[in-house]
Amino acid sequence: MRNVALGVALGAAALLLMLSAYADSPMFTSRATLGSLNGEQIYDHICQGCHMPGGQGAVGAGSYPKLAANKNFVSWRFVALTVLDGRNGMPPFGFPAGHGMNSGPAHLSDAQIADVVNYVRSHFGNAYKAEVTAEEVQALPHPAAELMGPQ
Amino acid sequence: MENGDGSSSLSRRELLRMIGATAGATAMYQAMSTLGFAAESPYQGPVDLQGAPRGASVLILGAGMAGMTAAYELRNAGYKVQVLEYNARAGGRNWTLRGGDRYTELGGHTQQCEFDKDFYINPGPWRIPYHHHGMMHYTKLLNIPLEPFFQVNYNAYLHSSNAFGGKPQRYREVKADYQGHVAELLAKATRQNALDASVTKEDQEMLLESLRQWGALDTNYSYVSSDASSDRRGYEKSPGGGLSARPIPSKPAALHDILDSGLWSGVANGDTFDMQTALFQPAGGMGRIGEAFGKELGPLIRYNAKVTDIHQDDRGVTVTFTDVQSPGAQQTVRADWCLCTIPLPILAQISMNVSQSMASAISAVPYAASVKAGLQFKRRFWEQDEKIFGGITYTDLPIMNIGYPNTGFQSGGKGVLLGAYIWGLRAMEFTAMTPAERVQKVVDYGSQIHPQYHKEFENGVAVAWHRAPFTLGCFGMWTSATRAKHYDDLCQIDGRLALAGEHASFLGGWQEGAVTSALDTIGRLHQRAVAQGERA
């Protein structure tokens, strides 16, 4: 049960960028503590694995969309639905709580999804003001309550 | 598929269930396989592609296991085959990182693998079950020497940071104690007539005797410290020779401690069909297969080719690509047919004209997160100090698994082990770090199981599959809902194009899924090509 306080202290993307190679990294969250992460922490712990620090995205055989100055973000629904249901290989995060094993997708609450949507729409050069609420996220379609584990 | 005796109590079936749930799948599987419940890989032996139309051509996208299996068979059947591959090497996820290799992940971090000569890790697949007949076939065909892969090592650990004071427990002890206590309880229930309604008196006698044997119980059907239980869980002092010969039995852990620890959840790790002995690993690394396949196909593979567009018409398929090393100029290649094995997260971004149903299927499969790390140590302390020779330790720490090398036993000098094999949420978090941070975390966590880590550690590499430029994820995760809605659409031939890969299989994440998917698909493509006759 890693504590959230340290996660809060170390979680900022800017700080992570500054960390030297062997400096401490953000504490791990867990099924138990994941639910208490805010939008910024969710970005640092999960999203930036693909979308990269600062929302810079990346290009290989395919690409991860750059979130920085992203015009698609004019639609909060687009962003929220992407987090809820996944898109083009991105895992969904809108599975019901308590569902699945350690191996499957992670669950974020509607409030957390609203928070991370608000975070990415107001950072990395995005300046969308409208705040999305948990109720608005709740009203969107969520993925069905099932999943499978890895091999 | 009823049990043979047709008894109204269905006792034997119930019994099987009970034994299956507690003893794990081995006993269950042995019983069930005689009833034909358990299925093997659908691989049926070499594919028959006789009668290829003269001059017919197939363009294959991706030189992983699926693409190269297809290329090999289609070439041998007389098709003109070309393969486009994004990487500068063959194999795809069939891949080994060795000392001297460099790997640049998405985001730009480059790792230099500093392992000594002959040491490696397999960032992707690392084991081949004996019943993956397709993989076994091509491994033999390519003359790849195999070594045993120890899925289960009774002397490796099951570890929970919240149980037994955080001290790792030997698999052998947890298994023996769990099994022994369960056998004792079941024997008690039987002798108290609690099972009379479901097991005949005659069968109860046999059941009791079987429980005594299975659980290493004493004559009173109790699981206690004894030669019998020590013969399962190990001795306090093992038997030897001479005057110091006499063994001292060990003391089993209490049922409560075993149950409370949660370590019982690791007892069946080797019992699932995919993990049952025998399993194999190619000597020198899993990547030996991809390398040999690539050599076999030689100039048929064009490397460093990044596919940007797939366009089909009623006579063939035109694929546009750029050279990764000199991007800019677009090149095209055309063939009568196209077999596309590009991982779905990438394919979903490539412009292509396929049916809406296939396009929807391509976008419907999220990819699993997974991270592996290899660590080089100054000495093989896991062998020298802890007598762990190969196999896997399971832990609730974020590193999840430690895989010990299944080769080079007792060799002096250094060693490399798999310091972490991670999936799910924790893999996402490891992915979000820099490679150096991942390695440091793996060393820190691993030292809770092996305190030697910090003193003996030399260097490491860590591969996060969502940052692999050539896959954007580890493997396709299907649900029964997405399978029902999209799977057939994904696998159907669409005009002159068809898909293959582990994502188009029910063996997700396994190389056998890629191989059997490729064979199934080229069989259907071949039929269609033959039906079309000579090159249109």
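So, how was this worked out
- Residues numbered from 1 in each chain as written.
- Chains lettered and ligands numbered in written order.
- Predicted model: local features only at pLDDT ≥ 70, side-chain atom pairs only at ≥ 80, totals over all residues.
- Helix = DSSP H or I, 4+ residues; strand = E, 2+ residues; numbered from the N terminus.
- Buried ≥ 20, exposed ≤ 12 C-beta atoms within 10 Å, placed from the backbone.
- Contact = placed C-beta atoms within 7 Å.
- Rg over C-alpha atoms; globule rule 2.2 N^0.38 Å.
- Axes fitted to C-alpha atoms, helices over the stretch in contact; angles between N-to-C directions.
- Left-handed = near helix turned anticlockwise from the far one by under 90°.
- Nonpolar A, V, L, I, M, F, W, Y, C, P; charged D, E, K, R; others polar.
- Pairing = 2+ DSSP bridges.
- Arc of directions from axis to C-beta.
- Core = buried A, V, L, I, M, F, W, Y, C linked by C-beta atoms within 7 Å.
- pLDDT = per-residue confidence, 0-100.
- Expected span 1.5 Å × (residues − 1).
- Bend = angle between axes of the 7 residues up to and from the residue.

Overview of the overall build of chain A
Phase 1 of the analysis: The number of helices and strands found in chain A is 6 helices and 2 strands.
Phase 2 of the analysis: When its helices and strands are written in sequence order, chain A yields α-α-α-β-β-α-α-α.
Phase 3 of the analysis: Across the 151 residues of chain A, 45% fall into the buried class.
Phase 4 of the analysis: Here the contacts in chain A between residues at least 6 apart in sequence split such that 59% fall between residues at least 24 apart.

Re the overall build of chain B
Phase 1 of the analysis: Of regular secondary structure, chain B possesses 17 helices and 23 strands.
Phase 2 of the analysis: Here the C-alpha radius of gyration of chain B, 26 Å, is about what a compact globule of 536 residues would show, namely 24 Å.
Phase 3 of the analysis: Projected onto its principal axes, the C-alpha coordinates of chain B cover approximately 80 × 65 × 40 Å.
Phase 4 of the analysis: Put simply, chain B has 536 residues, and 50% of those count as buried.
Phase 5 of the analysis: Residue pairs at least 24 apart in sequence account for 70% of intrachain contacts in chain B once pairs closer than 6 positions are excluded.

As for the packing of helix α3 (residues 65-76) of chain B against helix α9 (residues 287-297) of chain B
Residues and elements named next belong to chain B.
Phase 1 of the analysis: Where α3 meets α9, the closest approach of the two axes is 10 Å, and the angle between their N-to-C directions is 35°. The crossing of α3 and α9 is left-handed. Between α3 and α9, the residues in contact are Met-68, Ala-71 and Tyr-72 and Phe-293, Glu-296 and Leu-297, respectively.
Phase 2 of the analysis: Residue composition of the contact of α3 with α9, by class: 5 nonpolar, no polar and 1 charged.

Overview of the pairing of strand β19 (residues 391-395) of chain B
All names here are of chain B.
Phase 1 of the analysis: Most of β19 is tucked away, with 5 of its 5 residues classed as buried.
Phase 2 of the analysis: Residues Gly-391, Thr-393 and Thr-395 point to one face of β19 and Ile-392 and Tyr-394 to the other, with burial holding for every one of them.
Phase 3 of the analysis: Two elements, strand β9 (residues 157-159) and β19, share 2 bridges in a ladder whose sense is parallel. Along β19, the bridge assignment pairs Leu-158 with Tyr-394.
Phase 4 of the analysis: Alignment of β19 against strand β20 (residues 401-404), held across 4 bridges, turns out to be antiparallel. Within the sheet, the bridge partner assigned to Gly-391 lies in β20 and is Tyr-404.
Phase 5 of the analysis: Where β19 hands over to β20, the hairpin turn is made up of 5 residues, of which Met-400 adopts a positive phi near 65°.

With respect to helix α4 (residues 133-141) of chain B
Residues and elements named next belong to chain B.
Phase 1 of the analysis: Among the residues of α4, those classed as buried are Gly-134, Met-135, Tyr-138 and Thr-139. For α4, the angular spread of the buried residues around the axis is 130°, confining them to a single face.
Phase 2 of the analysis: For α4, the secondary structure elements touched by its buried residues are α3, β7 (128-129), β8 (146-149), β11 (279-282), α9 and α17 (511-532).
Phase 3 of the analysis: Within two residues after α4, Asn-143 carries a phi angle of roughly 55°, on the positive side.

Concerning the nonpolar core
Phase 1 of the analysis: The biggest cluster of nonpolar side chains holds 175 residues, and the ones touching the most others in it are Ile-113 of chain A together with Cys-338 and Leu-339 of chain B.
Phase 2 of the analysis: Sort the elements by how many residues they give to this core and helix α5 (residues 171-191) of chain B lands first, with 8 residues.
Phase 3 of the analysis: Ignoring any residue separated from it by four or fewer positions in sequence, one finds Leu-339 of chain B in contact with Val-58, Ile-60, Ala-70, Ala-498, Ala-500, Thr-521, Ile-522 and Leu-525 of chain B.

Let's talk about the confidence of the model for chain B
Phase 1 of the analysis: Looking at chain B, the pLDDT average stands at 92 and 92% of residues meet or exceed 70.
Phase 2 of the analysis: Across the interface, the model reports ipTM at 0.86; the global pTM reads 0.88.

Some words on helix α3 (residues 39-51) of chain A
Residues and elements named next belong to chain A.
Phase 1 of the analysis: With 13 residues, α3 should cover 18 Å at 1.5 Å per step; its first-to-last C-alpha distance of 14 Å lies more than 12% under that length.
Phase 2 of the analysis: The axis of α3 is deflected most strongly, by about 45°, at His-45.
Phase 3 of the analysis: Of all the 13 residues making up α3, 12 are buried; the element is thus mostly covered by neighbouring parts of the structure.
Phase 4 of the analysis: The complete set of buried residues in α3 reads Gly-39, Gln-41, Ile-42, Tyr-43, Asp-44, His-45, Ile-46, Cys-47, Gln-48, Gly-49, Cys-50 and His-51.

Comments concerning the interface of chain B and chain A
Phase 1 of the analysis: Counting residues at the interface gives 44 residues for chain B and 35 residues for chain A.
Phase 2 of the analysis: Elements represented by at least two residues in the side of chain B that touches chain A include exactly α10 (344-347), α13 (424-431), α14 (435-446) and α16 (480-491) of chain B.
Phase 3 of the analysis: Among the elements that take part in the side of chain B that touches chain A, α13 of chain B stands out by supplying 6 residues, more than any other.

What to know about unusual backbone geometry
Phase 1 of the analysis: A cis amide bond links Thr-277 of chain B with the next residue in sequence, Ala-278 of chain B, at an omega value of 5°.
Phase 2 of the analysis: Inspection of the secondary structure puts Ala-278 of chain B in the loop between α8 (255-261) and β11.
Phase 3 of the analysis: Non-glycine residue Ala-69 of chain A carries a positive phi angle of around 50°.
Phase 4 of the analysis: Following the sequence through the fold, Ala-69 of chain A ends up in the loop between β2 (63-64) and α4 (76-85).

Considering the sheet that holds strand β1 (residues 57-61) of chain B
All names here are of chain B.
Phase 1 of the analysis: If you trace the 5 strands from one edge of the open sheet to the other, you get β12-β2-β1-β16-β23, paired in parallel fashion. Whereas interior strands pair on both sides, the edge strands pair on one side only; in this sheet they are β12 (301-302) and β23 (497-499).
Phase 2 of the analysis: For β1 and strand β16 (residues 337-340), the ladder comprises 4 bridges, and the chain directions are parallel. Within β16, the position partnered with Ile-60 by the bridge is Leu-339.
Phase 3 of the analysis: Contacting β16 and β23, α17 crosses the sheet at an angle of about 170° to β16.

Description of the sheet that holds strand β15 (residues 330-335) of chain B
Residues and elements named next belong to chain B.
Phase 1 of the analysis: A sheet is described by the order of its strands in space; here 4 strands give the open sequence β15-β14-β13-β17, paired in mixed fashion. One side of each edge strand has no neighbouring strand; the edge strands of this open sheet are β15 and β17 (351-352).
Phase 2 of the analysis: For strand β13 (residues 305-313) and strand β14 (residues 316-323), the ladder comprises 8 bridges, and the chain directions are antiparallel. Looking at the pairing, Asp-309 lines up with Thr-320 of β14.

Topic: the environment of Gly-134 of chain B
All names here are of chain B.
Phase 1 of the analysis: By the secondary structure assignment, Gly-134 is in helix α4.
Phase 2 of the analysis: Judged by the 27 C-beta atoms lying within 10 Å of it, Gly-134 falls in the buried class.
Phase 3 of the analysis: Along the chain, Gly-134 and Gly-513 lie 379 residues apart, while their C-alpha atoms are 9.1 Å from each other.
Phase 4 of the analysis: In this structure, Gly-134 is in contact with Ser-41, Tyr-43, Glu-512, Val-515, Thr-516 and Leu-519, ignoring residues within four places of it in sequence.

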